[in-house]
Amino acid sequence: DVKVTQSSRYLVKRTGEKVFLECVQDMDHENMFWYRQDPGLGLRLIYFSYDVKMKEKGDIPEGYSVSREKKERFSLILESASTNQTSMYLCASSPELASSTDTQYFGPGTRLTVL
Amino acid sequence: AQSVTQLDSQVPVFEEAPVELRCNYSSSVSVYLFWYVQYPNQGLQLLLKYLSGSTLVKGINGFEAEFNKSQTSFHLRKPSVHISDTAEYFCAVIIQGAQKLVFGQGTRLTINP
């Protein structure tokens, strides 16, 4: 079974803090994704990566950055957290490079609250 | 750009009743279509996907969906729901050749005994 793990299920941070959300997948997948999930808005793509050290902006990259130093690990960074970044963050991975047909496998999510 | 609309934000049904969750998409090019399910306090998992071929797609847990190109719809159905089907359901679309899934807003399915 594919396993995608996220470092925290719940996180509370203060405005202005630098926040790291970590995601690890154990199936040697090429692609990794970060989404945020908000009620009534579904999932929106923040960033994705199709290879180590490669990244592409998604639909809402402002206020976020990412890092992929190793194939299995994809980190989402909030440089200076703000209250409007309070949300559920979901990480996903998929097997093949540049394949539109792949299933994405999701982690359990990190619920981030910024006070 | 493609977009996905899930017409119902919440659908309450009684146990053993049939259910249909509606999904419409807009795209000027060919797409692949997906339904994902999110059980309480979990991540998303794939229910089914349409890539090509038969327009009726069967998925896990007794769900099926029908691709209707003329109506640009991909509605999800189950003939008889169970309490364990209580979850949020997401329709998603991806342009053929692209890598970015676009998700709908989600439909929360609540099963009443």
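Further up the page is the structure itself.
Predicted model, so just to flag it, every value in this text is computed and none were measured. (Residues numbered from 1 in each chain as written. Chains lettered and ligands numbered in written order. Predicted model: local features only at pLDDT ≥ 70, side-chain atom pairs only at ≥ 80, totals over all residues. Heavy atoms only, no water.)

Asker: An account of the overall build of chain B is requested, with residue identities and associated values reported.
Answerer: Check the secondary structure of chain B and you find zero helices and twelve strands. Reading chain B from its N terminus to its C terminus gives the helix and strand order β-β-β-β-β-β-β-β-β-β-β-β. Taking 13 Å as the expected radius of gyration for a compact globule of 113 residues, we find that chain B reaches 13 Å, a close match to that expectation. Overall size of chain B, expressed as C-alpha extent along the three principal axes, is 45 × 30 × 20 Å. Here chain B holds 113 residues, and 43% of them are scored as buried. Accessible surface, chain B: about 5,300 Å² in total, of which carbon and sulfur atoms supply 50%. Between the averaged position of the 8 positive side-chain charges in chain B and that of its 8 negative side-chain charges there is a distance of 11 Å. (Helix = DSSP H or I, 4+ residues; strand = E, 2+ residues; numbered from the N terminus. Rg over C-alpha atoms; globule rule 2.2 N^0.38 Å. Buried < 20%, exposed > 50% of the residue type's maximum accessible area, 1.4 Å probe, protein only. Areas by Shrake-Rupley, 256 points an atom, 1.4 Å probe, with all protein chains shown as cover. Lys, Arg positive; Asp, Glu negative; His and termini not counted. Charge placed at Lys NZ, Arg CZ, Asp CG, Glu CD.)

Asker: Give a detailed account of the interface of chain A and chain B, specifying residues and quantitative values.
Answerer: In this complex, chain A contributes 27 residues to the contact, which on the side of chain B involves 24 residues. Both sides of the chain A and chain B interface together cover about 1,800 Å² of buried area, and 52% of this is carbon and sulfur. Here lysine 100 of chain B makes a salt bridge to aspartate 59 of chain A, at a shortest N to O gap of 3.4 Å. For the pair chain A and chain B, the interface holds five residue pairs in polar contact (both at pLDDT 80 or more). Mapped by element, the contributors of at least two residues to the side of chain A that touches chain B are strand 4 (31-38) and strand 5 (42-49) of chain A. (Contact = heavy atoms within 4.5 Å. Buried area = accessible area lost by both parts, 1.4 Å probe. Salt bridge = Lys/Arg side-chain N within 4 Å of Asp/Glu carboxyl O. Polar contact = N/O pair within 3.5 Å; in protein donor to acceptor, adjacent residues only side chain to side chain.)

Asker: Could you give me a rundown of the packing of aromatic side chains, with the residues and numbers involved?
Answerer: Throughout the structure, instances matching the rule amount to 13 aromatic pairs over all chains. Note on phenylalanine 33 of chain A and phenylalanine 48 of chain A: the rings are 5.9 Å apart at their centroids and 20 degrees apart in plane angle, and the pair reads as stacked. On the criterion of sequence distance, the pair formed by phenylalanine 33 of chain A in strand 4 and phenylalanine 48 of chain A in strand 5 is long-range, its members being 15 residues apart. Judged by its relative accessible area of 5%, phenylalanine 48 of chain A falls in the buried class. Counting every residue linked through ring pairs, the aromatic cluster contains Phe33, Tyr35, Phe48 and Phe106 of chain A together with Phe34, Tyr36, Phe90 and Phe103 of chain B. (Phe/Tyr/Trp six-rings, centres within 6.5 Å; stacked < 30°, edge-to-face > 60°.)

Asker: Help me get a handle on the state of the cysteines, residues and values and all.
Answerer: Residue and element names in this part refer to chain B. Using the criterion set out here, one finds two disulfides over all chains in the structure. Across the disulfide from cysteine 23 sits cysteine 91; the S-S distance is 2.0 Å. The sign of the -65 degrees torsion about the S-S bond sets the cysteine 23-cysteine 91 disulfide as left-handed. Linking cysteine 23 in strand 4 (residues 23-26) with cysteine 91 in strand 10 (residues 87-95), this pair joins segments that are 68 residues apart in sequence. When its relative accessible area of 0% is taken as the criterion, cysteine 91 is described as buried. (Disulfide = S-S within 2.5 Å.)

Asker: How would you explain the sheet that holds strand 8 (residues 73-78) of chain A if you had to name every residue and give the values?
Answerer: All names here are of chain A. An order of 1-3-8-7 is seen for the four strands of this open sheet, with the pairing classed as antiparallel. Edge strands, defined here as strands with exactly one partner in the open sheet, are strand 1 (4-6) and strand 7 (64-70). Within this sheet the neighbouring strands show an average axis-to-axis angle of 20 degrees, counted without direction. Of the pairings in the sheet, the one linking strand 3 (residues 19-25) to strand 8 comprises six bridges and is antiparallel in character. In the sheet register, valine 24 faces strand 8, and the bridge partner there is arginine 73. (Pairing = 2+ DSSP bridges. Axes fitted to C-alpha atoms, helices over the stretch in contact; angles between N-to-C directions.)

Asker: Any details on the environment of glutamate 17 of chain A? Residues and values, ideally.
Answerer: All names here are of chain A. With respect to the secondary-structure elements, glutamate 17 resides in the loop between strand 2 (10-13) and strand 3. For glutamate 17, a relative accessible area of 31% gives the class partly exposed. For the pair glutamate 17 and leucine 78, spaced 61 residues apart in sequence, the C-alpha separation works out to 8.1 Å. Leaving out residues up to four positions away in the same chain, glutamate 17 has contacts with Leu78, Glu79, Ser80 and Ala81. From its side chain, glutamate 17 meets the backbone nitrogen of arginine 14 in a polar contact 2.7 Å long.

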